[in-house]
Amino acid sequence: MENSEINNGELETMRAQIALLKEKLDKETIVSDKLLRDTMRHKARTINTNAWVSVGASIFVIIWALAYIPKEGFSWWFAGATVLMMLVCDFFTWKYHKDVNAKTMSGDLLTVAKVMKQLRDNYKKWLKYSIAMISVWFVWLSAEFCIQLNDWRLSLILIVILLISLAIGGFIGLKMHNSVIRNAEEIIQQIEETDE
């Protein structure tokens, strides 16, 4: 009899400890989920900031193309192609980033992972298209300079300066590109670790 009272008392103590442990684990899961969501939202903001910087740069290029290129005697075709190239870039930036928003980041983790995988894959594909577009644009710009200046030495100096500028812009653009891919991959990795 005395033995069963001790066992009942120990059993009640163990039940209370298990209930307390379960409560602590539930709170920890809630905190972990909140931390995961906060981190994902922060990374999504970083991804979208890169998109807005790209759009801002393209607006600058469009204004430059419309105000400077024709005034300096370059062809309207080149100005139009430059504006069209920037608008295409803006369209694809919008298309790739339209689902990277607060609503998606607050949704279920499977949807967030799908959106991030799609964004990452789109960015990886976009790099080859953007390099091709910029290469064609740069050759056309160089030809416009040669025709306009009619002095091969001066044209060569300007083309070298443009190449240096293109390299600097390409370096900055590639850093932004890699930042988007890295942040998307980190979000995917965090979600996969949560599912394990």
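These numbers were taken from a predicted model, which means no experiment stands behind them.

Caption draft 1: Structural detail: the nonpolar core. The biggest cluster of nonpolar side chains holds 36 residues, and the ones touching the most others in it are Met40, Ile47, Val100, Val112, Met116, Leu119 and Ile191. Sorting the residues of this core by element identifies α1 (2-67), α2 (76-97), α4 (109-149) and α5 (152-195) as the ones contributing at least two each. Apart from the residues lying within four places of it in its own chain, the contact partners of Ile47 are His97, Val100, Met116, Leu119, Val180, Asn183 and Ala184.

Caption draft 2: Quick peek at the layout of surface pockets. Here the largest pocket is characterised by a volume of approximately 1400 Å³. Around the largest pocket sit 42 residues that line it, and Met86, Ile134, Gly169, Gly170 and Gly173 are the ones nearest its centre. Contributing elements (two or more residues each) for the lining of the largest pocket: α1, α2, α4 and α5. The residue makeup of the lining of the largest pocket, split by class, is 29 nonpolar, 12 polar and 1 charged. One number sums up the size of the second largest pocket: a volume of about 190 Å³. What lines the second largest pocket is simply Lys95, Tyr96, Lys98, Asp99, Lys114, Val115, Gln118, Leu119, Asn122, Lys125 and Tyr129.

Caption draft 3: Spatial organisation of the side chain of Thr82. Looking at the secondary structure, you find Thr82 in helix α2. Classification of Thr82 by relative accessible area gives buried; the value is 0%. In contact with Thr82, not counting residues within four places along its chain, are Val61, Trp64, Ala65, Ile69 and Trp137.

Caption draft 4: Summary view of the packing of α2 against α4. Between α2 and α4, the least distance of the axes is 11 Å, while the angle of their chain directions is 170 degrees. Considering their axes alone, α2 and α4 lie roughly antiparallel with respect to each other. When α2 is examined against α4, the residues Trp77, Phe78, Ala81, Thr82, Met85, Val88, Cys89, Phe92, Tyr96 and His97 are found in contact with a partner set consisting of Leu119, Asn122, Tyr123, Trp126, Met133, Trp137, Trp140, Leu141 and Glu144.

Caption draft 5: Up close: α2. An ideal rise of 1.5 Å per residue puts 32 Å on 22 residues; α2 measures up with 31 Å between its terminal C-alpha atoms. Among the residues making up α2, those that are buried are Phe78, Ala79, Thr82, Val83, Met85, Met86, Cys89, Asp90, Thr93, Tyr96 and His97. All buried residues of α2 lie within an arc of 155 degrees about the axis, which places them on one face of the element. Set apart from the buried face of α2 by more than 90 degrees, the exposed residues are Trp76, Trp77, Leu84 and Trp94.

Caption draft 6: Structural detail: the pattern of salt bridges. Summed over the entire model, instances satisfying the criterion amount to 6 salt bridges. Among the ionic pairs, Glu186 bridges to Lys43, the shortest N-O distance being 2.4 Å. A residue pair is termed long-range when its members are at least 10 positions apart, and Glu186 in helix α5 and Lys43 in helix α1 qualify at 143 residues. Overall, the relative accessible area of 27% leaves Glu186 in the partly exposed class.

Here is what the cut-offs are and how they apply
Residues numbered from 1 in each chain as written. Predicted model: local features only at pLDDT ≥ 70, side-chain atom pairs only at ≥ 80, totals over all residues. Heavy atoms only, no water. Core = buried A, V, L, I, M, F, W, Y, C linked by side-chain atoms within 4.5 Å. Buried < 20%, exposed > 50% of the residue type's maximum accessible area, 1.4 Å probe, protein only. Helix = DSSP H or I, 4+ residues; strand = E, 2+ residues; numbered from the N terminus. Contact = heavy atoms within 4.5 Å. 1 Å grid on protein atoms, 1.4 Å probe; cavity = no way out; pocket = protein on both sides within 12 Å on 5 of 7 lines; lining within 4 Å. Points joined across faces, edges and corners; volume = space filled by probe spheres on them. Nonpolar A, V, L, I, M, F, W, Y, C, P; charged D, E, K, R; others polar. Axes fitted to C-alpha atoms, helices over the stretch in contact; angles between N-to-C directions. Parallel < 35°, antiparallel > 145°, perpendicular 65-115°, else oblique. Expected span 1.5 Å × (residues − 1). Arc of directions from axis to C-beta. Salt bridge = Lys/Arg side-chain N within 4 Å of Asp/Glu carboxyl O.

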